[in-house]
Structure formats: structure tokens, C-alpha cells
Amino acid sequence: MTLIAFHDGNGNSSLVVWQKCALKIDKNTSFVALTHKKAEQAEIALVWNSPKGRLAKLKQLKLIISLGQGVDHLWKDPSLPLSIPIVRLVDPYMSHALSQWVIAVLLDFLRDGPFYRLKREKREFCKLSQRETYQLKVAVYGIGAIGSVVANNLKNLNFSVTGWAQSKKPQLLFRQETGRAAFQSLVTSNLVHICLLPLTSSTKRLFTKDVFMKMPKGAYFINAGRGEQIDEGALLYAVGKGHLSGAALDVFCEEPLPDTHPFWNEKKISIWPHVAAQTNPETVIEQIIEAIQAVKSGCTPKNVVNPIQQY
Ligand code: GLV
């Protein structure tokens, strides 16, 4: 029997669903809440936002699996046992969902959804002239499992897409740039900016006031990476001044976004409660069980995270 210590960061409301899904594939799995005393015997931890110090107490631990594509929540625990392999989820269904969210918010902005919704409330049947969007320049920051799908789908919609990453990926068929100088040049030359980067020490606060103010006037910013990658005050300033046309945000420095946060007062910032791509037990359970089986038979599982690179 494999004991899995589980924590979903949300009162463990999903534990039963995950357990059921796992049992369909492997009858030898048993779930226990990470905070329960019995979890100290667990060999596997399947966690999101686990309480600081708790994983270090699991002395039989052989594998930590992030309950999402991002792993930055793990680095917040100063006593995270770094000798244990960490695996992240890579799920084409989540990449697909996230790319749909990006396309939805981008097209809504480009086709003036907020304007027409407002006019509809006032029963006003009036037109704006249509924006020219053919080959509109879009920068996608982060072209891993998610960003590459987003970039490809936007290219197929006739946007002129450039992806930015640490290193080029020759298998990807869209234009790519790397390095700080290229970052600055993408910032100044693209009208749409989409952040899908993993949160690491080098991507923290990447989008500063200087960066937002260097974007072309009227630019639009989309963030489904992590809130900490942007200076939130700077984004608010750039939108408030009318330099940026607006932003669509799915991630925030503090989640849930406090009701006193000034973003709520800025109508040009659309706020989504971290729903762009939600982890789906049905589509990821197989890779979770495979990772467990790999580790238990002494092999290296897929999608192991490099703690130095932090993703
Ligand atoms: C969501 O933000 C995830 O990392 O899966």
C-alpha cells in the first residue's frame, strides 16, 4: 500500500475526489490529510500550499508531487526537504484550457467587449471602429508546456507572435528571443504582453513601472503566470494614467485578492480568481501514479523539477 499525504490548500475539500480517481488506476493507494498524524508515515506527498515545516516531518517521504503546474508554492517553505525529488504536473488539457482563457480575454479586449457591455446596459446601439488586428504583435513571456501552446494558438489566429524564454526551443515554430536585451526590445515593440512564466528569483518583479511605461501606448497586459512577477502598483499606475489600455489578471500577489485591493476600483483591469487552468484529477492522475511507480521502482519520474532553477 502506498500512503499519499494530500493537501490541496483549500481545506482538503477535494481529497475524496482525488482518492477515487487514484483508486481507479491503482488499488494500492491510500490518501491521508497531510496535517493528520498518520501522514508522517507517507512515502508520497501530493500538495498545494502545504503548511510550512510539515513536509520535513514526513521521514518516509520519497517523492513530492505539486498539485499544479507551478511549484513556486513549495519554495515558500524554508524547511522543504530538497533531497526528495519534486515532480510537477504537465497536462495538455490544462495548457489547452489556459490558452482558451488567454484567447478569450485578448479577443474580448481587441473587439471592445467592455465597451459594448457598458453600452448594452444603457440600451445604446453604437459602434466603435474596428481595430486592425491582422498580424498584431504579441509577446508571450514563457514558452514551456503552457506558453508554447498559447503562442502556437495565437499564431494560428494570425497574430505576429514572439516567445521569450531562457533558452530557444528549436522544435517550436514561432519566433523566439532570449536574454534581457531581447526582453526590453519585446516590451517596446509589442502591443500585447502575455506573462506565463514560472515564478523564480529571476522572474520575480520582472514587470516593473519602467517596463510597463516602456510598452507602446495602448498596450494590453495579460498575466496567468504569478502575481509576484509584476509590481502591482506600477501596473495600476500605467493603466490609471491611460498608458496601458488595460489588463486581464488571473494571478495576484495575495490570493484571494483582498477586497480592499485597488485593482477592484480599476474597471480596465479584469480580475479572474486563478481559474485560467484548474488542475483536473481525471486528466493528471495517470502521470501521478506513473511518477509514484517510477520512484518506488528506483527510476527517475518524468517532469522532475530542478530546485536550483526553481521550475
Ligand atoms: C496553477 O496556477 C498551476 O500552477 O497549476
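Here the structure is a predicted model, which is why all the values come from computation and not from measurement.

Conventions used here
Residues numbered from 1 in each chain as written. Predicted model: local features only at pLDDT ≥ 70, side-chain atom pairs only at ≥ 80, totals over all residues. Heavy atoms only, no water. Helix = DSSP H or I, 4+ residues; strand = E, 2+ residues; numbered from the N terminus. Buried < 20%, exposed > 50% of the residue type's maximum accessible area, 1.4 Å probe, protein only. Contact = heavy atoms within 4.5 Å. Areas by Shrake-Rupley, 256 points an atom, 1.4 Å probe, with all protein chains shown as cover. Lys, Arg positive; Asp, Glu negative; His and termini not counted. Charge placed at Lys NZ, Arg CZ, Asp CG, Glu CD. Pairing = 2+ DSSP bridges. Right-handed = clockwise from strand over helix to strand, strands pointing away. Axes fitted to C-alpha atoms, helices over the stretch in contact; angles between N-to-C directions. Parallel < 35°, antiparallel > 145°, perpendicular 65-115°, else oblique. Left-handed = near helix turned anticlockwise from the far one by under 90°. Near = heavy atom within 4 Å. Polar contact = N/O pair within 3.5 Å; in protein donor to acceptor, adjacent residues only side chain to side chain. Nonpolar A, V, L, I, M, F, W, Y, C, P; charged D, E, K, R; others polar. Salt bridge = Lys/Arg side-chain N within 4 Å of Asp/Glu carboxyl O.

(A) Highlighting the overall build of the protein chain. Assigned secondary structure in the protein chain consists of 9 helices and 12 strands. The principal-axis extent of the C-alpha atoms belonging to the protein chain is close to 65 × 45 × 35 Å. Each of the 311 residues in the protein chain was classed as buried or not, and the buried ones make up 50%. Residue pairs at least 24 apart in sequence account for 60% of intrachain contacts in the protein chain once pairs closer than 6 positions are excluded. Accessible area of the protein chain: about 15700 Å², with a carbon and sulfur share of 53%. Put simply, the protein chain has 37 plus and 25 minus side-chain charges, and the middle of one group is 3 Å from the middle of the other.

(B) Representation of the pairing of strand β9 (residues 192-195). Side chains Val192 and Ile194 project from β9 onto one buried face, and the interleaved His193 and Cys195 project onto a second face that is buried too. Here β9 pairs with strand β10 (residues 219-223) via 4 bridges, running parallel. Paired with His193 across the bridge in β10 is Phe221. At this point the chain moves from β9, through helix α7 (residues 209-214), to the parallel β10, and the crossover so formed is right-handed.

(C) Layout of the packing of helix α1 (residues 15-25) against helix α9 (residues 281-296). Running from N to C, α1 and α9 cross one another at 55 degrees; their axes reach a closest spacing of 9 Å. One finds that α1 runs oblique with respect to α9. In this structure, the crossing between α1 and α9 has a hand that is right-handed. Contact residues: Val17, Trp18, Cys21, Ala22, Lys24 and Ile25 in α1; Pro281, Glu282, Val284, Ile285, Glu286, Ile288 and Ile289 in α9.

(D) How the structure looks around the site of the ligand. If you check the shell around the ligand, you find Trp48, Gly68, Gln69, Gly70, Met94, Arg226 and His274 and nothing else. Here an oxygen atom of the ligand sits 2.7 Å away from a polar atom, N or O, in the main chain of Gly70. Taking His274, its side chain carries an N or O atom lying 2.6 Å from an oxygen atom of the ligand. Here the ligand, which alone exposes 200 Å², has 86% of that area covered by the protein. Residues of the shell around the ligand, tallied by class, amount to 2 nonpolar, 4 polar and 1 charged.

(E) Up close: the pairing of strand β6 (residues 137-141). Most of β6 sits out of view: 4 of its 5 residues are buried. Note: β6 against strand β7 (residues 160-165), 5 bridges, orientation parallel. Bridging across to β7, Val138 finds its partner in Val161. You can see the chain leave β6, run along helix α5 (residues 147-156) and come back into β7, and the turn it takes is right-handed.

(F) Focus on the pattern of salt bridges. Applying the stated criterion to the full structure yields 13 salt bridges. Between Glu282 and Lys24 there is a salt bridge whose closest N-O contact spans 3.8 Å. Here the residue Glu282 occupies a position in helix α9, and Lys24 occupies one in helix α1, the gap between them amounting to 258 residues. The exposure class of Glu282 is exposed, given its relative accessible area of 54%. Across the pair Arg226 and Asp72 runs a salt bridge, and its minimum N-O distance is 3.0 Å. Here Arg226 is found in the loop between β10 and α8 (232-240), whereas its partner Asp72 is found in helix α2 (residues 72-75), with 154 residues between them in sequence.

Read these as geometric descriptors, not functional statements.
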